[in-house]
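# Structural description and commentary
Next come the chains, spelled out residue by residue.
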Amino acid sequence: APSRTFHNIDHIRDLNIGADPIQQTAISYHDVIYYQVDGGLSDSQREYLDDIIVEDDGLVSVTEKKLDQYIELVMDIFGVTYGQVLDQFKGKNEFLSTCLGIRSILETWPGPSTIKKLTFYAKFAACIEATIPFRPLDKNGKTSAELLFERLKKVNSKYELEWDENEIVKVVQRAVDLGNRDLKNFSWQNTTQFLSNTWKLLPESNISLRHDSYYLYEMTHAMKKMTGFFETLNPETIYLSFRDASNVEAVIRKKTAQAKLNIDIALIYMRCKVIKFSILSAIAELSGGDVPLCFFIGDRPVPGK
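Values in this document were obtained by computation on a predicted structure and should not be read as measured data.

### Focus on the pattern of salt bridges
What the rule picks out here adds up to 16 salt bridges. A salt bridge links glutamate 150 to lysine 142; the shortest N-O distance between them is 2.3 Å. For lysine 142, a relative accessible area of 29% translates into the label partly exposed.

### Digging into the nonpolar core
Membership of the largest hydrophobic core comes to 59 residues, with the highest contact counts inside it found for Ile77, Phe95 and Leu152. Where this core is concerned, the elements lending two or more residues are α1 (9–16), α2 (21–29), β2 (59–62), α5 (69–78), α6 (92–108), α7 (114–129), α8 (144–158) and α9 (165–182). Here the element with the most residues in this core is α7; it accounts for nine residues. Excluding anything up to four places from it in sequence, leucine 152 contacts Ile77, Ala126, Trp163, Ile168, Val171 and Val172.

### Comments concerning the environment of threonine 220
Take threonine 220: it is sitting in helix α12 (residues 216–232). The class of threonine 220 is buried, set by a relative accessible area of 7%. The sequence separation of threonine 220 and isoleucine 268 amounts to 48 residues, and the corresponding C-alpha distance is 16 Å. Those residues within four positions of threonine 220 in sequence are excluded, and the remaining contacts are Phe277, Ser278 and Ser281.

### Comments concerning the pairing of strand β1 (residues 53–56)
Note: β1 against β2, four bridges, orientation antiparallel. Each residue of the ladder has a partner; that of valine 54, found in β2, is serine 61. Counting the residues in the hairpin turn of β1 and β2 gives two residues, including aspartate 57, whose phi is positive at 55°.

### Quick notes on α9
Between its first and last C-alpha, α9 extends 26 Å over 18 residues, near the 26 Å set by a 1.5 Å rise per residue. What α9 keeps buried is the set Ile168, Val169, Val171, Val172, Ala175, Val176, Leu178, Gly179, Asn180, Arg181 and Asp182. Among the structural elements, α1, α2, α7, α8 and α13 (246–286) are those in contact with the buried residues of α9. Capping of α9 at its N-terminal end is provided by aspartate 164; its side-chain oxygen lies 3.2 Å from the backbone amide nitrogen of asparagine 166.

### Here we look at a nonpolar patch on the surface
Together, Ile275, Ile279, Ile283, Phe295, Phe296 and Ile297 make up a nonpolar patch on the protein surface, roughly 590 Å² of accessible area in all. Relative to the helices and strands, phenylalanine 295 resides in helix α14 (residues 294–297). A relative accessible area of 62% places phenylalanine 295 in the exposed class.

### Section: the environment of leucine 147
Here leucine 147 lies in helix α8. The class of leucine 147 is partly exposed, set by a relative accessible area of 23%. Residues leucine 147 and lysine 90, 57 residues apart in the sequence, show an inter-C-alpha distance of 14 Å. Those residues in contact with leucine 147 that lie beyond four places of it in its chain are Asp138 and Lys142.

### A short note on the side chain of aspartate 182
Considering the arrangement of structural elements, one finds aspartate 182 in helix α9. Despite being buried, aspartate 182 has no salt bridge partner; arginine 181 is the closest side chain of opposite charge, sitting 8.7 Å away.

### Quick look at the state of the cysteines
Tallying each qualifying case throughout the model produces zero disulfides. With no disulfide of its own, cysteine 127 lies closest to cysteine 99 among cysteine sulfurs, the gap being 16 Å.

About the cut-offs
Starting afresh in each chain, residues are numbered from 1 along the sequence in its written order. Per-residue local features of the predicted model are confined to residues with pLDDT of at least 70, and side-chain atom pairs are confined, for both listing and counting, to 80 or more; whole-chain, interface and lining totals are unaffected and use all residues. Side-chain figures throughout are based on the complete set of non-hydrogen atoms in the structure, without hydrogens or water. Any carboxyl oxygen of Asp or Glu that lies within 4 Å of a side-chain nitrogen of Lys or Arg is treated as forming a salt bridge with it. A 1.4 Å probe rolled over the protein chains alone gives each residue an accessible area, and that area as a share of the maximum for its type sets the label: buried under 20%, exposed over 50%, partly exposed in between. Side-chain atoms within 4.5 Å link the members of a nonpolar core, which is a set of buried Ala, Val, Leu, Ile, Met, Phe, Trp, Tyr and Cys residues. To qualify as a helix, a DSSP run of H or I must reach at least 4 residues; to qualify as a strand, a run of E must reach at least 2; elements of each kind are numbered from the N terminus. Contacts: residue pairs with any heavy atoms within 4.5 Å of one another. The pairing criterion is simple: DSSP has to find at least two bridges between the two strands. In this scheme, a helix's expected span is set at 1.5 Å multiplied by one less than its residue total. Polar contact is the term for a pair of N or O atoms within 3.5 Å; when the atoms are in protein, one must be able to donate a hydrogen and the other to accept it, and sequence-neighboring residues count only if both atoms are side-chain atoms. Only residues above 30% relative accessible area that lack a salt bridge enter a patch, with like-charged residues linked at up to 9 Å and the nonpolar side chains Val, Leu, Ile, Met, Phe, Trp and Tyr linked at up to 5 Å. Values of accessible area rely on a 1.4 Å probe in the Shrake-Rupley scheme; residue burial ignores everything except the protein chains shown. For the charge count, each Lys or Arg is scored as positive and each Asp or Glu as negative, with His and the chain ends excluded. Cysteine sulfur atoms are paired as a disulfide whenever they come within 2.5 Å of each other.

As far as function goes, none of this settles anything; it's purely spatial.
Here it is in structure tokens:
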């Protein structure tokens, strides 16, 4: 979609490096739905999801009507219930992407038995669930990976998947690995590259910045939003481990430390940008009113020119 400047094909291609087949399938679908960025669902997306959700004045809820067992499996893995309003900050896009993925795969995969399909879809859904980012510990001090493990134990029993505990641990570890790699840019050693990559989120999260020209107020508002997000971002919520070997946990600690450094540096840079655009906005207001940003800093560079 034209609205995607970060969560696009390049992102999918990058994530596929080193991924196993189940992860690769999950990667292909994990960002298919980005409801608030794309302005809702496309007609083709709605064909897959129309019976699953109810849309009402910007709110998206799960239907209260009985759904097939494959979608109920996804609901159980995500901890979603019938009639629940989906929250964009708590997995709405990931849940809908998973449902669409399963419906899409079902069209082209009629052969295997129901139990084989359920087994695959459970692993597939767990991978996408683990890409819901930046989740703090719950009220009992449990990580999102630990909560996923608990839900998968119930799923294993309910759908008779016949996994032993070691298999469930492996399913969670695969999912956590994908979730960590989905956010790997936070731990890039080159902070300049991290900032450049993060900058791609600005037009994705702010419709007005997708145009060739935009106003000072729009840029100032976008920068304040991004700065506010980084100010509340806890580096400890970015990368997870689940019953991993000590060497894997050491890598996670190292990545978390680098992420903290990158976030701290990014905040200094962003606050400077906020001050810069705020000053320019004040000058504009005092001299006639808000104007396109290019009036003060020139036109945006055109690639190749």
